[in-house]
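Structural features, examined
Chain by chain, the residues:
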Amino acid sequence: MASSYNLFCLTLIIASVCTVAHCKLSPNYYSSKCPKSLSIVKSSVIAAIKKETRIGASLLRLHFHDCFVNGCDGSVLLDDTAKFTGEKMAAPNNNSARGFNVVDKIKANLEKECPGVVSCADILALAARDSVEYLGGPSWTVGLGRRDSTTASIAAANASIPAPSLNLSAIISKFKAQGLSVKDMVALAGSHTIGFARCVQFRSRIYNDSNIDASFAKSLKSKCPKSGSDNNLAKLDAVSQTHFDNFYYKNLLEKKGLLHSDQELYKGSSKTDYLVRRYVSKPSEFFSDFAESMIKMGKIKVLTGSKGEVRINCRKVN
Ligand code: HEM
Ligand SMILES: *[C@@H]1O[C@H](CO)[C@@H](O)[C@H](O)[C@H]1NC(C)=O
Ligand SMILES: *[C@@H]1O[C@H](CO)[C@@H](O)[C@H](O)[C@H]1NC(C)=O
Ligand SMILES: *[C@@H]1O[C@H](CO)[C@@H](O)[C@H](O)[C@H]1NC(C)=O
Ligand SMILES: *[C@@H]1O[C@H](CO)[C@@H](O)[C@H](O)[C@H]1NC(C)=O
């Protein structure tokens, strides 16, 4: 009895040693392998945002779309080929996910410095952080050591990334399926303080939803007619689209959420109303919760140790 109990404990200890020493992300992962890697990513991200402000939003979203599809493994970056189906044509990504050329540029800069060392999945995690920080949002320490997948799943991308037509309980389920809480969801949705959405994503919101500010809806209808102009853009945060702040939540209190899914978080009767009000009145709590939830999202089903690979070209498996 006693010895089988000891064996059981030993097994647990070995399992946890693996978690700590080999299987966990570490902020110092590249400290000796590629000491300049973090500053290379940061300066590349800043250069790209200076060229086009929106790219910060696009990079943040790529990390989200990577992590929600079988984990943060760079799968979203893989191109389709005759023999390989990536995730770029999935419903949430087609004509929508962007920033791939910037990721290529960052990767090329890293390959020059230390070939084959920094994974594409880690580039996405760092670029998301650097973008938020540069646009005036919070910063956080990014755990590193993710490895890249050799596979992708268009089916999982279709199924796992939440659509803007969903109601609150469906959105919560999509996050729960990733191990993320209601609070994580509300904090992370604050990402919609930057960037744009296409007419096709908010058309039914401005023509058919009732909990929308009438003049706000009206102002969007010229850009987004009942049919056609599907790719016309509107700011997700009409007040301060280039600044990472808490106006996303303030807009929700005024029924000025752009997406149906955005307004689901605050309806005067939603179970998440209190979180929206909290982030309106306490921007510093939004920032600290956002940072905490980004760290949590960045750990979803990561490949570490000898799993996966470090891609040389983020668009294709080695
Ligand atoms: C809560 C569920 C969410 C839904 C339903 C949703 C949906 C969308 C949609 C429909 C768009 C516009 C895409 C287009 O028009 O092509 C968008 C844009 C965006 N989303 Fe979300 N999203 C959600 C959560 C998140 C999260 C968790 C993040 C990041 C952590 C995020 C970051 C962004 C950013 C930054 C943009 C703007 C991208 C750009 O301008 O290129 N979203 N989202
Ligand atoms: C992706 O978008 C293009 C251009 O709008 C369209 O022709 C194509 O059918 C879409 N692909 C899928 C798989 O939806
Ligand atoms: C994923 O969505 C795209 C675009 O709607 C569709 O063309 C494709 O058939 C879907 N694939 C799977 C496996 O769900
Ligand atoms: C939310 O949507 C799901 C399907 O996506 C539906 O089954 C459910 O009844 C809806 N919930 C509410 C409260 O409308
Ligand atoms: C609004 O809802 C009606 C009835 O469900 C539907 O026929 C129509 O296509 C919707 N309009 C838009 C712009 O989504």
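To be clear, the structure that these remarks concern was listed above.
Residues numbered from 1 in each chain as written. Chains lettered and ligands numbered in written order. Predicted model: local features only at pLDDT ≥ 70, side-chain atom pairs only at ≥ 80, totals over all residues. Heavy atoms only, no water.

A closer look at the overall build of the protein
- Across its full length, the protein carries 14 helices and two strands.
- Rg of the C-alpha trace for the protein: 21 Å, near the compact-globule value of 20 Å for 318 residues, within the 12% margin.
- Taken along its principal axes, the extent of the C-alpha atoms in the protein is 70 × 50 × 40 Å.
- A total of 318 residues make up the protein; the buried ones form 50% of that total. (Helix = DSSP H or I, 4+ residues; strand = E, 2+ residues; numbered from the N terminus. Rg over C-alpha atoms; globule rule 2.2 N^0.38 Å. Buried < 20%, exposed > 50% of the residue type's maximum accessible area, 1.4 Å probe, protein only.)

Observations concerning the coordination of the iron atom of ligand 1
- In this structure, the iron atom of ligand 1 receives exactly one donor atom from the protein: H192 (NE2), at 2.1 Å.
- Its location among the elements puts H192 in the loop between helix 8 (182–189) and strand 1 (196–198). (Donors = N, O, S within 2.8 Å, 3.2 Å for Na, K, Ca; no water.)

What to know about the site of ligand 3
- Taken together, the neighbourhood of ligand 3 is formed by M89, A91, A155 and N158.
- N158 has a polar side-chain atom sitting 2.4 Å from an oxygen atom of ligand 3.
- In the complex, 40% of the free accessible area of ligand 3, which totals 360 Å², lies under the protein chains.
- Residue composition of the shell around ligand 3, by class: three nonpolar, one polar and no charged. (Near = heavy atom within 4 Å. Polar contact = N/O pair within 3.5 Å; in protein donor to acceptor, adjacent residues only side chain to side chain. Areas by Shrake-Rupley, 256 points an atom, 1.4 Å probe, with all protein chains shown as cover. Nonpolar A, V, L, I, M, F, W, Y, C, P; charged D, E, K, R; others polar.)

Here we look at the packing of aromatic side chains
- Scanning the model with the defined rule gives 14 aromatic pairs in all.
- Both rings, one in F64 and one in F175, keep their centres 6.4 Å apart while their planes meet at 20°; by these two values the pair is stacked. Taken together, the positions of F64 in helix 3 (residues 55–67) and F175 in helix 7 (residues 168–176) put the pair 111 residues apart, joining distant regions of the chain. The burial state of F64 is the same as that of F175; both residues are buried. (Phe/Tyr/Trp six-rings, centres within 6.5 Å; stacked < 30°, edge-to-face > 60°.)

Quick word on the state of the cysteines
- A full pass over the atoms with the stated rule returns four disulfides.
- What pairs with C199 in a disulfide is C224, and their sulfur atoms sit 2.0 Å apart. For the disulfide bridge between C199 and C224, the dihedral angle about the S-S bond is near 75°, and by the sign convention the bridge is right-handed. Taken together, the residues span a long stretch of sequence, with C199 in helix 9 (residues 199–208) and C224 in the loop between helix 10 (214–221) and strand 2 (233–235) at a distance of 25 residues.
- A relative accessible area of 0% means that C199 is categorised as buried. (Disulfide = S-S within 2.5 Å.)

Some details on the site of ligand 5
- Around ligand 5 sit R203, S204, Y207 and N208, and that is every residue in its neighbourhood.
- For ligand 5, an oxygen atom lies 2.3 Å from a polar atom in the side chain of N208.
- In isolation ligand 5 exposes 360 Å². Once the protein is present, 36% of that is buried.
- Here the shell around ligand 5 is composed, by residue class, of one nonpolar, two polar and one charged.

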